[in-house]
Amino acid sequence: MVERLLAEGNLCDADLKRLLETAEYDGALFERADEVRRQYYGTDVYIRGLIELTNYCRNDCYYCGIRRSNRHAKRYRLTKEEILSCCEAGYSLGYRTFVLQGGEDGYYTDERMCGIVSEIRRRYADCAITLSLGERSFESYQRLYDSGADRYLLRHETANEQHYRSLHPQEMSLWNRKQCLWNLKEIGYQVGSGFMVGSPGQTTENLIEDLRFLQELQPAMIGIGPFIPHKDTPFGRKTQGSLASTLRLVAVLRLMFPRALIPATTALGTIHPQGRELGLKAGANVVMPNLSPADVRTLYELYNNKLCTGEEAAECRGYLEKRVHTAGYRIVTGRGDAVDFVGKT
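Engineer: Sorry if this is basic, but what is going on with the sheet that holds strand E9 (residues 330–332) here?
Structural biologist: Each strand in a sheet pairs with its neighbour through backbone hydrogen bonds, running either in the same direction (parallel) or in the opposite one (antiparallel). Pairing in this open sheet of three strands is parallel, and the strands run E8-E1-E9 from one edge to the other. The open sheet has two edge strands with one neighbour each: strand E8 (286–287) and E9. Strand direction decides the pairing type here: strand E1 (residues 44–47) and E8, joined by two bridges, are parallel. If you follow Ile47 over to E8, its bridge partner there is Val287. Contacts between helix H13 (residues 317–327) and the sheet are confined to E1, E8 and E9, with E9 contributing the most and set at about 135° to the helix.

See below:
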């Protein structure tokens, strides 16, 4: 079955269901996924400097710790000067991609964000600028792209309408989420999408829908991670997603999207001490240490016990390199673009 996943057309839904639900295939699956990632990326693991610029958010997603209804969250916003200071520190440490991530915060207007992006581009011409700021208009995405942004991360979280409705308030729309992704692709971004694994109410059929949607979208980047509850949300007592299921899906994604950039996410490291290394062995090839100012890192809490200090900190690159090397890979500098990515012409 694993061999057939590499064949033209991939697996039918029934075979995908068996693969996702059966542990007996894991050994062969992970081995094949690692072979494929080495074919396209060798042992290279790209590092991204993550800057979490705001934990204000207009949305009220039931699973997210920075949802607007969480009155226990201590809110913050980074200034332009603070963001540029993070980039300066990251550049000196060897980071050549900066990921600016935040809640959907109206404070960061197009004017403000374009000013930030254009200044980063001016100072660090050899770096990639990735944004993850949620849903915005086509015109907003275009302005940010024209200001110098290269990539945009926007996880769709679930491609199934009924499941989407169970995770989000009524004012949010799966159609709009998907449309944003198509808009980003049209503009020319390297687009990243992805989903939670094990979110409340999720079925294997939902996961297969996610895979099929990604086949339509053909993103340059795919980020997945286990659902982890946050105590101050409606899902605070729900069961977290499993390590095994997440690793299995990382491997399937590597086989289905051999050229994609796939991170070993912070969430994987949160639920297991070797979660990141296991993700790399299952086919991931990106890690994203935290470059945010030390005094706000614990405040960007999307879920319980999120890693943000220690070896998760961007300053501890040396420790990260050792762990990645022990897993059989190597940290590399450079932008780390997706293989064969071609933007809008």
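Engineer: Sorry if this is basic, but what is going on with the environment of Tyr25 here?
Structural biologist: Examined against the element boundaries, Tyr25 turns out to sit in the loop between helix H2 (13–21) and helix H3 (26–41). We classify Tyr25 as buried; its relative accessible area is 16%. A distance of 2.5 Å separates the side chain of Tyr25 from the side chain of Arg18, its partner in a polar contact.

Engineer: Help me understand the sheet that holds strand E6 (residues 190–197) in this model?
Structural biologist: Taken in spatial order, the six strands make up an open sheet running E2-E3-E4-E5-E6-E7, and their pairing is parallel. Each edge of the open sheet is held by one strand with a lone partner, namely strand E2 (49–54) and strand E7 (221–226). Adjacent strand axes in the sheet meet at a mean angle of 20° when their direction is disregarded. Where helix H9 (residues 204–217) meets the sheet, its contacts fall on E6 and E7, and the angle it forms with E6 comes to roughly 175°.

Engineer: In this structure, what is going on with the nonpolar core? I would like to understand it.
Structural biologist: General note: in soluble globular proteins, nonpolar side chains tend to be found buried as a group. Ranked by size, the top nonpolar core spans 96 residues in total, and within it Phe98, Leu100, Met113, Ile120, Leu131, Tyr189 and Leu211 carry the most contacts. Of all the elements, helix H10 (residues 243–256) adds the most residues to this core, at nine residues. Every residue in contact with Tyr189, bar those within four places of it in the chain, is listed here: Tyr141, Leu144, Tyr145, Ala149, Asp150, Arg151, Tyr152, Leu184 and Phe341. Core analysis: the second largest hydrophobic core is formed by twelve residues, Ala220, Leu261, Met288 and Ala338 among them.

Procedures and definitions
- Residues numbered from 1 in each chain as written.
- Predicted model: local features only at pLDDT ≥ 70, side-chain atom pairs only at ≥ 80, totals over all residues.
- Heavy atoms only, no water.
- Pairing = 2+ DSSP bridges.
- Helix = DSSP H or I, 4+ residues; strand = E, 2+ residues; numbered from the N terminus.
- Contact = heavy atoms within 4.5 Å.
- Axes fitted to C-alpha atoms, helices over the stretch in contact; angles between N-to-C directions.
- Buried < 20%, exposed > 50% of the residue type's maximum accessible area, 1.4 Å probe, protein only.
- Polar contact = N/O pair within 3.5 Å; in protein donor to acceptor, adjacent residues only side chain to side chain.
- Core = buried A, V, L, I, M, F, W, Y, C linked by side-chain atoms within 4.5 Å.

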